[in-house]
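Working through the structure, step by step
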Amino acid sequence: MNKNAKKIIIRACIFAGLGGLLFGLDQGFINGSLSFIKEEMNLSLMQSQSFASIMHLGCIVGVLFSGWVSRAIGRKKTLVVTALFFGFFSLLGAFTHDVVVLYASRFALGLAVGYASFVVPLYFSEIAPARMRGGFIAMYQLMITIGIFAIFLSNSVIGTYFHSWRLMLGIIALPSIVMFLGALFIPQSPRWLVLKGKEEDARAVLSSIREHESHADDEFDEIKKNINAESKQSGWRMLKESYFLKVLGLGVLLMLLQQFSGINAVIYYSGEIFKKAGASHPAMGTVVIGLINVIFTVIAIRYVDKWGRKPILYSGLGVMTVTLLLIGALFKMQETGVVLGSFSSGLLVAACIVYIAAFAMSLGPIMWIICAEIFPLEGRDFGITVTTATCWIACAIVVQFSLSIIHHFGGSSLFFLFAVCCVLGFSIVRLFTPETKGVSLEHIEVKLKSGEKLLKIGRT
Ligand code: BGC
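Here the structure is a predicted model, which is why all the values come from computation and not from measurement.

**Notes on the overall build of the protein**
Of regular secondary structure, the protein possesses 20 helices and zero strands. Whereas a compact globule of 460 residues would reach a radius of gyration of roughly 23 Å, the protein reaches 22 Å, a difference of no more than 12%. Dimensions of the protein, computed from the C-alpha atoms along their principal axes, are close to 70 × 50 × 40 Å. Here the protein holds 460 residues, and the buried ones make up 56% of them. Taken as a whole, the protein presents about 19,200 Å² of accessible surface, with 68% of it coming from carbon and sulfur.

What follows is the structure, given as structure tokens:
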């Protein structure tokens, strides 16, 4: 019996989980800092949106290469390199006075976010014991939202007292250093060691992280079996299978829906949106948005396996549609010359808060969960890479164009557009999305391969 096993696992998951926190910090950084950067670096509206969205190009490149990098150098070294990138490029961006270097550093931070978004959940799933696996993957989601909240809070404090976007960015180096130092001492992934033929090392790691020797032995056999199955058919070759194309299409649609529901217009630009609506404390509104995002993610983690995915998606989409219509209507009033009083601008902030709560409970975690559940084992890495890259591409489009749409066509057009996407989302859920609550991944795989309709590969 190994008494240290639990401690080693928890320590490893905390240090790797900092990758999720850093992902959230960089995702939320723009909100509260952009107006300072725009002013000091003399950026136009288009250029400042490009600065915000160039990170996503880095994410896309990062995600596309992360499978290869984490296979070549291992999960642990990828985590170490990711932490180095986060730290080095945050400091480079914070110190530079050259716009090109500033853009390049944000692109490189995107690479780190891309690597983190692939390797952290992968490392969790390979190191955590089966019964704790779901909890650790959910913790990763939570770390992202905590990162977003923490940067909203620190940007608002630094913005109020120090007026320095450089400090807002430079401070991100601190958790990066902790992650870098911690990741040097975490165990290697046993699954990666087997993949590289280092079976003795894999056995040694498994013995140190499992409470009983027999568990370590069983898991070792299972890893070998799975790796054999995966090597039979993988990646691009899966595209020849029509059942795989069906689930890939569903994963892509779900990610497009998640992003075109407008979440990142609010995560990135709520400060600007609140200012435009005449809210008296825009920074405070943004901090509340971040906090609500964390709280409702915790609730979602608790209930997603009880209530099921589809009922939560329907309710989330319903609330999001109503709040988006309300926000759009308030902007429409302002565009027709009505000055929004404190009640109306307060209503707009409240609608954004309810919208975020609904997203955090539904589309936020559930799209990632379903994408992790629907792919057959041989194509899981490939499928998740494609759906994650789709998420970043769609996110880049939203971040790149939201402020311009508000500027040229008014906030009402933007929010009505997002509302239309949510309405379309009902059909995607109704017609194609299976209920995967409580169904084993093997069951989903067997049904899918037997030619069952997408809607019926989960619970019937
Ligand atoms: C989305 C991100 C979003 C975050 C907000 C995630 O599920 O993929 O794009 O910024 O939720 O919490």
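Now that the structure is up, let's keep going.
**Observations regarding helix α13 (residues 263–276)**
Here α13 contains 14 residues, and its C-alpha end-to-end distance of 18 Å stays within 8% of the 20 Å for a straight helix at 1.5 Å per residue. At Y269, α13 shows its largest kink, close to 85°. In terms of residue burial, α13 counts as a mostly covered element, since 11 of its 14 residues are buried. Along α13, the residues that are buried comprise I263, N264, A265, V266, I267, Y268, Y269, S270, G271, I273 and F274.

**Brief notes about the site of the ligand**
Around the ligand, the surrounding shell consists of Q27, T145, I148, Q258, Q259, N264, N293, F359, G364, W368 and C391. One nitrogen or oxygen atom from the side chain of Q259 is found 3.0 Å from an oxygen atom belonging to the ligand. N264 places a polar side-chain atom, nitrogen or oxygen, 2.8 Å from an oxygen atom of the ligand. When the ligand is considered free in solution it has 310 Å² of accessible area, and contact with the protein chains removes 97% of it. Where the shell around the ligand is concerned, the elements lending two or more residues are α6 (130–161), α12 (242–260) and α17 (363–373). Tallied by class, residues from the shell around the ligand come to four nonpolar, seven polar and no charged.

**Here we look at the side chain of R380**
Its location among the elements puts R380 in helix α18 (residues 380–409). No salt bridge is formed by the buried R380; its nearest oppositely charged neighbour, E445, is found at 4.3 Å. From its side chain, R380 meets the backbone oxygen of F375 in a polar contact 3.2 Å long. Not counting the four nearest positions on each side in its chain, R380 is found in contact with A372, F375, L441 and E445.

**Focus on the pattern of salt bridges**
The final tally for this structure, using the stated rule, is 10 salt bridges. Between E126 and R75 there is a salt bridge, with its nearest N and O atoms 2.8 Å apart. Separated by 51 residues along the polypeptide, E126 in helix α5 (residues 99–127) and R75 in helix α4 (residues 75–95) bring together distant segments of the chain. Both residues of the pair, E126 and R75, belong to the buried class. Through salt bridges with shared partners, a single network forms among R75, E126 and R191.

**Re unusual backbone geometry**
Phi at N42 takes a positive value of approximately 60°, unusual for a residue other than glycine. Judged by its relative accessible area of 67%, N42 is exposed.

**Examining the environment of G32**
Positionally, G32 belongs in the loop between α1 (5–28) and α2 (34–41). Given the relative accessible area of 34%, G32 is considered partly exposed. Taking the C-alpha atoms as reference points, G32 and A279, separated by 247 residues in sequence, lie 15 Å from one another. The residues contacting G32, other than those within four sequence positions of it, are N155 and M168.

**Observations concerning the environment of V429**
When you line up the elements, V429 lands in helix α19 (residues 411–432). Linking V429 and L250, residues 179 residues apart in sequence, is a C-alpha distance of 9.6 Å.

**Focus: α19**
Taking 1.5 Å per residue as the helical rise, α19 with its 22 residues ought to reach 32 Å, and the 31 Å between its terminal C-alpha atoms agrees with that figure. Taken together, the buried positions of α19 are occupied by G411, S412, L414, F415, F418, A419, C422, G425, I428 and V429. Residues of α19 that are buried sit in contact with α12, α13, α15 (309–335) and α18.

**Thoughts on the packing of aromatic side chains**
Scanning the model with the defined rule gives 13 aromatic pairs in all. Taking 6.5 Å as the distance between ring centres and 70° as the angle between the ring planes, the aromatic pair formed by F23 and Y140 counts as edge-to-face. In this pair, F23 sits in helix α1 while Y140 sits in helix α6, placing the two residues 117 residues apart along the sequence. By the burial criterion, F23 is buried, and Y140 matches it. Relative to W392, the ring of F23 has its centre 5.3 Å away and its plane inclined at 45°; by these criteria the two rings are tilted. Of this pair, F23 sits in helix α1 while W392 is found in helix α18, placing the two residues 369 residues apart along the sequence. Here F23 matches W392 in class, with each residue buried. Ring pairs connect the aromatic residues F85, F88, F89 and Y115, which therefore count as one cluster. Sitting above the plane of the F51 ring, R106 keeps its charged end 5.6 Å from the centroid. Geometry around F220 places R203 over its ring, the cationic atom sitting 4.1 Å from the centre.

Calculation rules
- Residues numbered from 1 in each chain as written.
- Predicted model: local features only at pLDDT ≥ 70, side-chain atom pairs only at ≥ 80, totals over all residues.
- Heavy atoms only, no water.
- Helix = DSSP H or I, 4+ residues; strand = E, 2+ residues; numbered from the N terminus.
- Rg over C-alpha atoms; globule rule 2.2 N^0.38 Å.
- Buried < 20%, exposed > 50% of the residue type's maximum accessible area, 1.4 Å probe, protein only.
- Areas by Shrake-Rupley, 256 points an atom, 1.4 Å probe, with all protein chains shown as cover.
- Expected span 1.5 Å × (residues − 1).
- Bend = angle between axes of the 7 residues up to and from the residue.
- Near = heavy atom within 4 Å.
- Polar contact = N/O pair within 3.5 Å; in protein donor to acceptor, adjacent residues only side chain to side chain.
- Nonpolar A, V, L, I, M, F, W, Y, C, P; charged D, E, K, R; others polar.
- Lys, Arg positive; Asp, Glu negative; His and termini not counted.
- Salt bridge = Lys/Arg side-chain N within 4 Å of Asp/Glu carboxyl O.
- Contact = heavy atoms within 4.5 Å.
- Phe/Tyr/Trp six-rings, centres within 6.5 Å; stacked < 30°, edge-to-face > 60°.
- Lys NZ or Arg CZ within 6 Å of the ring centre and 35° of its normal.

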